[in-house]
Amino acid sequence: AGKLLGLSFPLEAFYAFAATDAVMSRAITAFPGLRPTLTADPFEMLVGSITAQQINLPFAFATRRRLVQAFGETIERQGDKYHAFPTADALAAADQGMLREMQFSNRKAEYIVNLARSVCDGEIDLDKLAYENDETVIERLTALTGIGRWTADWFMARHLGRGHAAAVGDLAVRKAMKRFYFREEETPNESDLRVLAARWGDYANLAVHYLLSLHASEKQRP
């Protein structure tokens, strides 16, 4: 429950830090009490990240829902059906053709099944990554087919909840950081964005989530 509610994030200390930054000050004023939720299960986090690669979120959610309904354990209560997220065992045995019928690309179907098999075969122990440093987490995850730095960064941010984690390779994150911290004519690269995120230190994870929320809210204004 603590992960789902984001209780590990030090909001009071972050707010004191954010008050010294004009953009962050706007963000904490607009979204007081916002705590990013963390995905409790590491396998679910990685599969979710794979499904979201290079597509819009509504489509990612739709394909993920099909995956859960097809391979997750079903529980029925008072006439309603609920589906648990599929286990690694279930997806390791999945037919990739069935995943493609759910509108996963050939590569994503391959990545999901390969990840599940890597977990089942003991090639990687996802739970133990919580005790490893960033470099080791990145090295072990990116050694898997279909897992890149973008996914590893989100894993550290949205599963491990590391304060300094920032997925600056994410398109939405890049757009938000560019909008608020760079001139319109500038085109910051990933190194530029990592330098900016490093300025936020152990508050980078929170800063990114608040920045995304501010970007989305102000983009919707007429």
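Residues numbered from 1 in each chain as written. Predicted model: local features only at pLDDT ≥ 70, side-chain atom pairs only at ≥ 80, totals over all residues. Heavy atoms only, no water.

Draft legend 1. Representation of the side chain of Thr63 in the model. With respect to the helices, strands and loops of the structure, Thr63 is situated in helix H5 (residues 57-71). Taking the relative accessible area as the measure of exposure, Thr63 reaches 1% and is therefore buried. At a separation of 2.9 Å, a polar atom in the side chain of Thr63 contacts the main-chain carbonyl oxygen of Ala60. (Helix = DSSP H or I, 4+ residues; strand = E, 2+ residues; numbered from the N terminus. Buried < 20%, exposed > 50% of the residue type's maximum accessible area, 1.4 Å probe, protein only. Polar contact = N/O pair within 3.5 Å; in protein donor to acceptor, adjacent residues only side chain to side chain.)

Draft legend 2. Quick look at the packing of helix H4 (residues 42-51) against H5. Contact geometry for H4 and H5: axes closest at 9 Å, N-to-C directions at 130°. Relative to H5, H4 is oriented oblique. In the packing of H4 onto H5, the handedness of the crossing is right-handed. Along its contact with H4, which presents Val47, Gly48 and Thr51, the element H5 presents Ala60, Thr63, Arg64 and Leu67. (Axes fitted to C-alpha atoms, helices over the stretch in contact; angles between N-to-C directions. Parallel < 35°, antiparallel > 145°, perpendicular 65-115°, else oblique. Left-handed = near helix turned anticlockwise from the far one by under 90°. Contact = heavy atoms within 4.5 Å.)

Draft legend 3. Expanded view of the pairing of strand E2 (residues 80-83). Bridge analysis of strand E1 (residues 74-77) against E2 gives four bridges, and the strand direction is antiparallel. The partner of Glu76 across the bridge, within E2, is Lys81. Linking two consecutive strands that pair antiparallel, namely E1 and E2, is a turn of two residues; a positive phi of about 50° is found at Gln78 within it. (Pairing = 2+ DSSP bridges.)

Keep in mind these values describe shape, not function.
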